[in-house]
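So you can see what is in the structure, the chains are spelled out below.
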Amino acid sequence: MAALWLARASSQLARRAARRHPPLRRPSRHGGEPASPWLLGPAAQPPVLGSPPLPAAERAFRRGFCSVRSFAGESSAAAASDEEEPENGFAGGDQQALDFPGGKVSLVAEMNFLPESHGERISCYRVLDDDGRTISGSRFQEVSKEVALKMYSEMVTLQIMDNIFYEAQRQGRISFYLTSNGEEAINIASAAALSADDIVLPQYREPGVLLWRGFTLQEFANQCFGNNMDYGKGRQMPIHYGSNRLNYFTVSSPIATQLPQAVGAAYSLKMDKKDACAITYFGDGGTSEGDFHAALNFAAVMEAPVIFFCRNNGWAISTPTTEQFRSDGVVVRGQAYGIRGIRVDGNDALAVYSAVHAAREMAITEGRPILVEALTYRVGHHSTSDDSTKYRPVDEIEHWRTARDPISRYRKWVQGNDWWSDSEESELRNRVRKELLQAIQVAERMPKPPVTELFTDVYDQIPSNLREQEQLLRDTIMKHPSDYPTDVPV
Amino acid sequence: MSADPSVFLMGEEVGEYQGAYKISKGLLDKYGPDRVLDTPITEAGFTGIGVGAAYHGLRPIVEFMTFNFSMQAIDHIINSAAKSNYMSAGQISVPIVFRGPNGAAAGVGAQHSQCYAAWYAHVPGLKVLAPYSAEDARGLLKAAIRDPDPVVFLENELLYGESFPVSAEVLDSSFCLPIGKAKIERQGKDVTITAFSKMVGYALQAADILAKEGISAEVINLRSIRPLDRAAINASVRKTNRLVTVEEGFPQHGIGAEICMSVVEDSFAYLDAPVERIAGADVPMPYAANLERMAVPQVDDIVRAAKRACYRTVPMAATA
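Since the structure is predicted, the reported quantities are computational estimates derived from the model, not experimental observations. (Residues numbered from 1 in each chain as written. Chains lettered and ligands numbered in written order. Predicted model: local features only at pLDDT ≥ 70, side-chain atom pairs only at ≥ 80, totals over all residues. Heavy atoms only, no water.)

Participant: Residue-level account of the domain arrangement of chain B, with values.
Facilitator: Residue and element names in this part refer to chain B. Taken domain by domain, chain B comprises domain 1 (7-171) and domain 2 (183-310). Between the C-alpha centres of domain 1 and domain 2 the distance comes to 26 Å. Counting from both sides, the interface comprises 30 residues of domain 1 and, opposite them, 26 residues of domain 2. When domain 1 packs against domain 2, the two sides together hide about 2100 Å² of surface, and 59% of this comes from carbon and sulfur. The largest contributions to the domain 1 side of the interface with domain 2 come from Gly107, Ala130 and Tyr132, which together make up 24% of the buried area. Counting the contacts that link domain 1 with domain 2 gives three salt bridges. (Domains from an automatic or database assignment. Contact = heavy atoms within 4.5 Å. Buried area = accessible area lost by both parts, 1.4 Å probe. Salt bridge = Lys/Arg side-chain N within 4 Å of Asp/Glu carboxyl O.)

Take a look at the structure:
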């Protein structure tokens with residue numbers, strides 16, 4: 001499957017290269033060849049910036065300058081383009097090549113600016129239609145029934161886990177939670193396409209990857225409650241999971257810092273000649289960070305085997321993508337760094353699975369980074385500290401929650417194969433729900449980490465000043481036991 | 001690098017150029033481009049990448065052309081390196097070294113002259129070292145690379161060019177210094193002078209001048225800013241009863257402030273005079289040579305401070 005993708009990608013590149021650098025002996029001023037070989041694709045149409053105009057009610061949620069821009073952009077692009085404006089900026093002209101640092105470039109006598117967009121948006125790879133039927137002619141990586149069913153049940157588990165933990169926060173039992181509603185296919189399908197040795201550096205909306213690899217509901221609950229079984233020893237807020245054993249780096253709050261880190265980890269794998277890659281996840285908002293630029297640029301130069309997986313879910317808290325960037329999403333940026341990229345329907349489990357499977361193979365066998373942009377929608381609020389109905393319409397949220405739900409879509413496919421039934425569905429949901437409620441009860445009752453854990457792990461070995469402080473703290477607790485909570489171990 | 005294949009160096013100009021200050025001369029030829037990496041100009045990028053490599057078990061040495069440029073990467077140093085072991089409860093260790101010239105050079109202006117010792121020493125999870133002599137540089141850098149925790153290694157551009165006598169023991173390949181231990185560069189009994197990096201040399205010169213006036217100064221080369229060798233500092237102050245702290249950096253919230261507090265906490269009764277603090281002027285470093293001279297501590301400033309601590313009459317500061 002990957003071989004197909006490789007062949008396609010490299011022949012595409014070869015074609016483009018040939019167009020850009022035709023043989024030098026063919027001067028166009030002598031008549032002969034028309035300018036068309038220079039064109040990379042269809043002539044640019046007036047760019048379609050962002051989504052089609054919204055109905056008035058929804059436009060009210062957009063900032064003022066946003067709607068003005070989308071009209072101004074169109075006219076300026078139309079002014080800049082000729083009727084045959086080539087995408088790569090090379091019009092017919094002298095065939096002589098100029099030598100500059102970086103290589104040879106062809107001359108052009110006409111002054112043409114590259115348009116700000118390709119004209120048409122980069123198309124989106126999809127396997128299943130909205131009713132869960134494979135689209136005719138679609139090519140995808142096959143999955144066995146066993147893997148397909150595991151994918152489905154983990155998507156359901158993730159959904160139930162999110163709902164119940166969210167409720168637990170609302171009830172005051174945990175302090176914070178963050179859901180992956182609407183992004184279950186991204187979470188589970190991408191994880192399913194990876195191997196256990198691949199290193200995962202998440203942002204924070206990818207607990208499904210950990211779930212796929214074997215993190216139990218109890219382990220999730222322990223971290224959220226910060227009890228003494230939490231692998232994080234109660235050091236972090238809920239949802240900041242991590243597991244060395246499962247090759248999943250502990251979630252860290254600053255945005256996009258994991259991107260250059262993933263490149264470093266990938267470089268380390270390459271130096272060790274491991275049959276594994278690094279994968280790092282981030283949202284549309286994260287691509288604005290400087291670390292995004294540095295990581296992609298660097299990964300290309302270092303030829304690091306890393307998958308950059310962007311969950312473009314349309315929102316960065318209250319900032320819609322129209323205010324986050326003006327490019328055609330994230331996939332177009334890959335080429336700017338010399339990185340191969342693909343845009344995929346993030347709510348299509350099979351498409352995500354296929355894309356990550358192919359990306360992984362290319363990354364490892366060719367030692368290169370790959371950019372995957374999964375289009376999706378953040379159905380839930382940003383977190384329990386957010387109420388997204390304040391900045392986006394409720395019916396927009398409802399539409400994506402129901403009509404575009406990745407889980408029900410995938411279920412239709414699985415049921416269409418006679419691999420799943422309604423009775424199995426209710427049995428699964430009941431079982432997971434019960435197991436989760438049990439895990440929460442257990443986690444809630446477990447004692448918190450003891451006071452020693454306040455002072456360990458600052459350094460590899462505990463320094464003398466912290467040892468002293470711990471002793472002072474203990475002495476104080478001994479002296480005033482009534483002021484110290486009884487349920488916190490010393 | 002020869003002892004451990006997981007150690008590698010990355011930074012701007014460290015390879016082909018042999019190092020911006022020639023510190024990595026010959027390393028690219030000896031170890032190849034896999035272990036000596038010339039990076040694009042992105043401190044945030046290569047620091048993040050270095051931390052990621054350390055997460056996975058390599059031992060990177062990340063060079064900043066000066067620590068002023070580490071400001072573009074400080075999020076990765078603090079939030080990705082310093083705090084990771086704690087936040088991950090020991091699952092993610094970061095055996096990384098951040099090194100480069102720190103503090104004032106000569107005539108390079110404000111954005112090339114700041115001392116970052118106080119910035120990094122403020123953070124739990126980091127270790128901060130500042131060598132003075134060649135012995136310090138060799139022994140402490142070895143220790144830093146071997147240490148499992150992230151270490152900030154503050155060198156000094158002007159000291160790169162200075163030669164120091166070294167013993168045969170120092171030249172041995174196994175020579176290593178402990179982290180967290182200061183060195184008494186010069187024994188004395190009347191006043192303790194603490195310093196680090198280039199200021200150690202100034203303090204020693206000041207001690208020579210003071211000796212001629214009958215004041216015996218004990219000069220402590222801190223070597224380790226975090227952890228600070230509080231035991232050595234306090235033991236010295238309990239002996240001399242007077243303290244002058246010297247640093248090149250800005251005075252507010254500086255190293256001297258921390259040393260003073262440590263002595264007040266542990267040895268207050270032993271002080272016979274208020275603690276004197278010598279630091280750089282509280283202004284961004286000016287460029288003009290005369291102004292620069294006035295913005296950094298000079299030997300004379302240290303001499304006067306020591307005399308004030310000894311209750312000798314002292315003339316007003318002369319203009320530079």
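Participant: I'd like a rundown of a negative patch on the surface, residues and numbers included.
Facilitator: A cluster of like negative charges, contributed by Glu13, Glu16, Asp29 and Asp38 of chain B, occupies part of the molecular surface. Within the element layout of this structure, Glu16 of chain B appears in the loop between strand S1 (7-11) and helix H1 (27-31). (Patch = residues over 30% accessible without salt bridge, like charges linked within 9 Å, V, L, I, M, F, W, Y side chains within 5 Å. Areas by Shrake-Rupley, 256 points an atom, 1.4 Å probe, with all protein chains shown as cover. Lys, Arg positive; Asp, Glu negative; His and termini not counted. Charge placed at Lys NZ, Arg CZ, Asp CG, Glu CD. Helix = DSSP H or I, 4+ residues; strand = E, 2+ residues; numbered from the N terminus.)

Participant: Can you lay out the pairing of S1 of chain B for me, pointing to particular residues and giving the numbers?
Facilitator: Residue and element names in this part refer to chain B. Within S1, five of the five residues are buried, which leaves it mostly tucked inside the rest of the structure. Side chains Val7, Leu9 and Gly11 project from S1 onto one buried face, and the interleaved Phe8 and Met10 project onto a second face that is buried too. Inspection of the sheet shows S1 paired to strand S3 (residues 59-63) by five bridges, in the parallel sense. Along S3, the bridge assignment pairs Leu9 with Ile61. As paired strands, S1 and strand S2 (residues 36-38) are joined by three bridges and run parallel to one another. Pairing of Met10 across the sheet is with Leu37, part of S2. (Buried < 20%, exposed > 50% of the residue type's maximum accessible area, 1.4 Å probe, protein only. Pairing = 2+ DSSP bridges.)

Participant: For helix H9 (residues 230-240) of chain B, give the residues involved together with the corresponding values.
Facilitator: Residue and element names in this part refer to chain B. Looking only at H9, the buried set comprises Ala232, Ile233, Asn234, Ser236, Val237 and Thr240. Where H9 is buried, its residues contact strand S8 (191-195), strand S9 (217-221), strand S11 (243-246) and helix H10 (255-267). With its phi angle positive at about 70°, Asn241 sits one or two positions after the end of H9.

Participant: Help me get a handle on the packing of helix H4 (residues 145-170) of chain A against helix H5 (residues 184-192) of chain A, residues and values and all.
Facilitator: Residues and elements named next belong to chain A. Where H4 contacts H5, the axes come no closer than 9 Å and their chain directions differ by 140°. Classified by the interaxial angle, the pair formed by H4 and H5 is oblique. Once H4 is placed against H5, the crossing between them reads as right-handed. Within the contact between the two elements, H4 uses Met151, Glu154, Met155, Leu158 and Gln159 and H5 uses Glu184, Ala185, Asn187, Ile188, Ala189 and Ala192. Of the residues belonging to the contact of H4 with H5, the class tally is seven nonpolar, two polar and two charged. (Axes fitted to C-alpha atoms, helices over the stretch in contact; angles between N-to-C directions. Parallel < 35°, antiparallel > 145°, perpendicular 65-115°, else oblique. Left-handed = near helix turned anticlockwise from the far one by under 90°. Nonpolar A, V, L, I, M, F, W, Y, C, P; charged D, E, K, R; others polar.)

Participant: Got a sec to walk through the domain arrangement of chain A? Specific residues and values, please.
Facilitator: When its domains are assigned, chain A resolves into domain 1 (145-445) and domain 2 (451-480). Taking only C-alpha atoms, the centre of domain 1 of chain A and the centre of domain 2 of chain A are 37 Å apart.

Participant: Lay out the interface of chain B and chain A in plain terms, naming residues and giving numbers.
Facilitator: Across the contact, 39 residues belong to chain B and 36 residues belong to chain A. Roughly 3100 Å² is buried in total at the junction of chain B and chain A, and carbon and sulfur atoms are behind 63% of that figure. Taken as a group, His56, Tyr86 and Gln91 of chain B account for 24% of the area that chain B buries against chain A, more than any other trio of residues on that side. Between chain B and chain A we count 14 residue pairs in polar contact (both at pLDDT 80 or more) in total. When residues of the side of chain B that touches chain A are traced back to their parent elements, those giving at least two are helix H2 (43-55), helix H3 (74-82) and helix H4 (84-87) of chain B. In terms of residues, the side of chain B that touches chain A owes the most to one element, H2 of chain B, which gives nine residues. Taken together, the residues of the side of chain B that touches chain A sort by class into 19 nonpolar, 14 polar and six charged. (Polar contact = N/O pair within 3.5 Å; in protein donor to acceptor, adjacent residues only side chain to side chain.)

Participant: Describe the confidence of the model for chain B, and please don't skip the residues or the numbers.
Facilitator: Scored by pLDDT, chain B comes out at a mean of 94, with 99% of its residues at no less than 70. Taken over the whole predicted complex, pTM reads 0.79, whereas the ipTM for its chain interfaces reads 0.80. (pLDDT = per-residue confidence, 0-100.)

Participant: An account of the packing of aromatic side chains is needed here, citing residue identities and associated values.
Facilitator: Residue and element names in this part refer to chain A. This structure, assessed with the given rule, holds 22 aromatic pairs over all chains. Between Tyr152 and Trp420, the ring centres sit 5.4 Å apart and the planes meet at 65°, which makes this aromatic pair edge-to-face. Of this pair, Tyr152 sits in helix H4 while Trp420 sits in the loop between helix H14 (406-416) and helix H15 (422-445); the two residues are 268 residues apart in sequence, bridging distant segments of the chain. Taking relative accessible area as the criterion, Tyr152 reaches 0% and is therefore assigned buried. (Phe/Tyr/Trp six-rings, centres within 6.5 Å; stacked < 30°, edge-to-face > 60°.)

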